[in-house]
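# Coordinate inspection notes
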Amino acid sequence: MSEFDVPLFHFSRGEFVEADYQDPLLEDYRNNPLLEALPPIWDDKTVVNKLASKPIFHASERDLPVHLRLHCVQRISRDFFWPLSRHLELQQSISRLIRDGYVGRNPLTPNYAFRARRDAYDLIMKGNTSGYPVNTPTSAGFALVGISGIGKSSSLLRILQMYPQVILHRKYKGQDMPAPYQIVWLKMDCPHDGSIRGLCLNFLLAVDSLVGTRYYKKNATKNPDELLPLMAQAAAVHCLGVLIIDEIQNLQEAKDDRAAQMLNFFVQLVNTIGLPVVLVGTYKALPALNGEFRNARRNSGQGDATWHHFKKDEEWTWLLQGLWKYQWTDQKVVLDQQFIDVMYDESQGISDIAIKLFMLTQWRALDKEISHITPELIRSVARDRFTLIRPALEALRSGKKKQIQKFADIYDSVSIDDYLDRIEAEQRQAERLEVIRSELGYDVTEQTTNEISAWLVDAGIELAAALQSANEVVKTHLHELDTIDLHKEALKYALQQQSTAVNKLPSKQGKGKSKVMPTEPNDLRLIVTQGKKKKLSAYDSLQTAGYIKDPLEFIG
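Residues numbered from 1 in each chain as written. Predicted model: local features only at pLDDT ≥ 70, side-chain atom pairs only at ≥ 80, totals over all residues. Heavy atoms only, no water.

### Concerning the overall build of the chain
Counting secondary structure elements, the chain contains 24 helices and ten strands. For the chain, the proportion of its 556 residues judged to be buried stands at 49%. Counting contacts in the chain only where the partners sit at least 6 residues apart, residues at least 24 apart contribute 75% of the total. Roughly 27,500 Å² of accessible area belongs to the chain as shown, and the carbon and sulfur atoms make up 50% of that amount. (Helix = DSSP H or I, 4+ residues; strand = E, 2+ residues; numbered from the N terminus. Buried < 20%, exposed > 50% of the residue type's maximum accessible area, 1.4 Å probe, protein only. Contact = heavy atoms within 4.5 Å. Areas by Shrake-Rupley, 256 points an atom, 1.4 Å probe, with all protein chains shown as cover.)

### Notes on the pattern of salt bridges
If you walk through the whole model with that rule in mind, you get 16 salt bridges. For the salt bridge of Asp-246 with Lys-187, the shortest nitrogen-to-oxygen distance reads 3.2 Å. With a gap of 59 residues between them, Asp-246 in strand S8 (residues 242-246) and Lys-187 in strand S7 (residues 185-189) connect regions that are remote in the sequence. Shared partners join several salt bridges into a network, and the residues in it are Asp-345, Glu-346, Arg-379, Arg-390, Glu-394 and Arg-397. (Salt bridge = Lys/Arg side-chain N within 4 Å of Asp/Glu carboxyl O.)

### Examining a nonpolar patch on the surface
A cluster of nonpolar side chains, Val-457, Leu-463 and Leu-467, forms an exposed patch at the surface whose accessible area comes to about 250 Å². Relative to the elements of secondary structure, Leu-467 occurs in helix H21 (residues 463-476). (Patch = residues over 30% accessible without salt bridge, like charges linked within 9 Å, V, L, I, M, F, W, Y side chains within 5 Å.)

### A short note on unusual backbone geometry
A positive phi angle, close to 55°, is found at Lys-173, a residue other than glycine. Counting through the fold element by element, Lys-173 comes out in the loop between strand S4 (171-172) and strand S5 (175-176). By relative accessible area, which is 60% here, Lys-173 ends up exposed.

### Some words on the sheet that holds strand S3 (residues 166-168)
Read from one edge of the open sheet, three strands run S1-S3-S6, paired in mixed fashion. The sheet is open, and its two borders are formed by strand S1 (16-18) and strand S6 (181-183), each paired with just one other strand. Strand-to-strand twist of the sheet, defined as the mean angle between neighbouring strand axes without regard to direction, takes the value 25°. This element, helix H7 (residues 196-211), spans S3 and S6 of the sheet and lies at about 130° to S6. (Pairing = 2+ DSSP bridges. Axes fitted to C-alpha atoms, helices over the stretch in contact; angles between N-to-C directions.)

### Quick look at the pairing of strand S2 (residues 141-146)
If a strand is regular, its side chains alternate between the two faces of the sheet. The element S2 is largely enclosed, with a buried count of six among its six residues. Burial along S2 is two-sided: the face carrying Gly-141, Ala-143 and Val-145 and the face carrying Phe-142, Leu-144 and Gly-146 are both buried. In terms of strand pairing, S2 meets strand S9 (residues 277-281) through five bridges, oriented parallel. Looking across to S9, one finds that Phe-142 is bridged to Val-278. Note that S2 and strand S10 (residues 305-307) share three bridges and pair parallel. Note that in S10 the partner of Gly-146 across the bridge is Trp-307.

### Some thoughts on the nonpolar core
If you look at the biggest cluster of nonpolar residues, it comprises 129 residues, and the most contacted ones within it are Ile-76, Ile-94, Phe-203, Leu-243, Phe-266 and Met-343. The biggest single contributor to this core is H7, with ten residues. In contact with Phe-203, not counting residues within four places along its chain, are Leu-186, Met-188, Met-231, Ala-234, Ala-235, Leu-240 and Leu-243. Counting 15 residues, the second-largest nonpolar core is a separate cluster that includes Ala-470, Val-474, Leu-491 and Ala-494. (Core = buried A, V, L, I, M, F, W, Y, C linked by side-chain atoms within 4.5 Å.)

### Remarks on the environment of Thr-374
Among the secondary structure elements, Thr-374 is positioned in the loop between helix H15 (351-367) and helix H16 (375-385). Put simply, Thr-374 and Thr-361 are 13 residues apart on the chain and 8.7 Å apart in space, counted from C-alpha to C-alpha. In terms of polar contacts, Thr-374 uses its side chain to reach the backbone amide nitrogen of Leu-377, at 3.0 Å. (Polar contact = N/O pair within 3.5 Å; in protein donor to acceptor, adjacent residues only side chain to side chain.)

### Quick look at H15
In a regular helix each residue adds 1.5 Å, so 17 residues correspond to 24 Å; H15 covers 24 Å between its end C-alpha atoms and thus fits that length. The buried count for H15 comes to twelve of 17 residues, which makes it a mostly enclosed element. Against the buried residues of H15 lie helix H3 (66-79), helix H13 (314-324), helix H14 (337-347), H16 and helix H17 (390-398). Directly after H15, the chain includes Glu-369, whose backbone phi takes a positive value near 60°. (Expected span 1.5 Å × (residues − 1).)

### Focus on the pairing of S8
Across the five residues of S8, five count as buried, placing the element largely inside the fold. Neither face of S8 is left uncovered, since the one carrying Val-242, Ile-244 and Asp-246 and the one carrying Leu-243 and Ile-245 both have all their residues buried. Sheet topology note: the S7/S8 ladder contains five bridges and is parallel. Directly across from Lys-187, in S8, lies its bridge partner Ile-244. Inspection of the sheet shows S8 paired to S9 by three bridges, in the parallel sense. Bridge pairing in S9 places Ile-245 opposite Leu-279.

In structure tokens form, the structure reads like this:
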């Protein structure tokens, strides 16, 4: 058995799902098991709800001892993710890229596995791209370049995790699959020294961990010229959908012409096995990305993604609105324009810095027994804790090109094409932000209402009643949203409304028909009726009978 023949279920750390073939709804995606095994193509509303991540938060936690609340604040960096328009655009690019790359790689093609092994090796070694059994690739990939700390890597990983990383194929329409394992995506960092050998070994080790192969052990001593073809073979045999190389600015550290050699190899991966490649890095990577790979990307139709620091606009306010709920200080403060201004001034629109600043300010307030955060406290924390990055922030704050150029990770030297792309992106941003707001709510009140109504539906309340109950409870307790258990109040209100509606039903006794009373002991009507005799409300009666669970069970 060769190193490319993998025994089923021989996994070390990789997680996989069984292939569940579904109609992809597009003709060019049909009859290809690699495409039919992917999740459906999501619309923006679905993506918003899949990406959003809200930390655990209960208003009652403000009564906990300080040493416990300090840990609660840590949840923000671990669990908070607020969808923005750029995330929807990136998800769309990844979705198109993976699928377009698979169009030309159907494992049911005659001799696919054999030719994938042989041709990927020969083509890399000989440089001959004719005769390979894939269509001319249309999705070469793209580069995601942006300011350091803007969330490129974390956002990309969250989007990739919406897809299964490994899919196990057994039979497709009664036919044995020649390639049992499909690796949908693989994300790895470019080595710190920019070495090709390090990149290839990291790749082989990652594949081993996913599908139980032994590429690394068998080839660890080989030189880069031998490792590159093996990397191409492994990608072809295991049907890799997209390869993401992060920290690509490390190529600047590569010796001799290794940077150009590695970028040319990525082009070969695209041209030979049709594998899309996404390169991620800071602006420092831009010089390395010029040349052949840039030309390949220009022809791909996807377009590069350039993530600048945020402007002080609706998108920035939306991010802060999502963040502002999570306050564990004694008192909660309302997000107003003064807070919006000071958060922007001290972070310069870099989301990672803003989130850290919000956390650090709460920690200081708790530690110093300050009841709530203030603009002055935010500035004080930024002054004390951001000493290392202050020169870069000052450069951004100045707006002067010469000062910004000193910091390669935050400097963007755009071309005319990039500038036009940016204008188009800003027009799309407004449209996507509208979709995001409609899903998550325009403000904290609406977000709370949506969250409670969804929770009520999960608890078994009809949608119309859930919406009415959530709106009524939020309206009644508008100035104390974080001080009472809104879920319990909303559920109580919904059940009371249902009980009232039942009592208002017209009686048929006057028409000569006797009223039929429930006799089954588990009948909810009987439980409520018996509860009334004990002067219990419908809610308390059902709760006593065990039909109403503790609302905290539904809060996650």
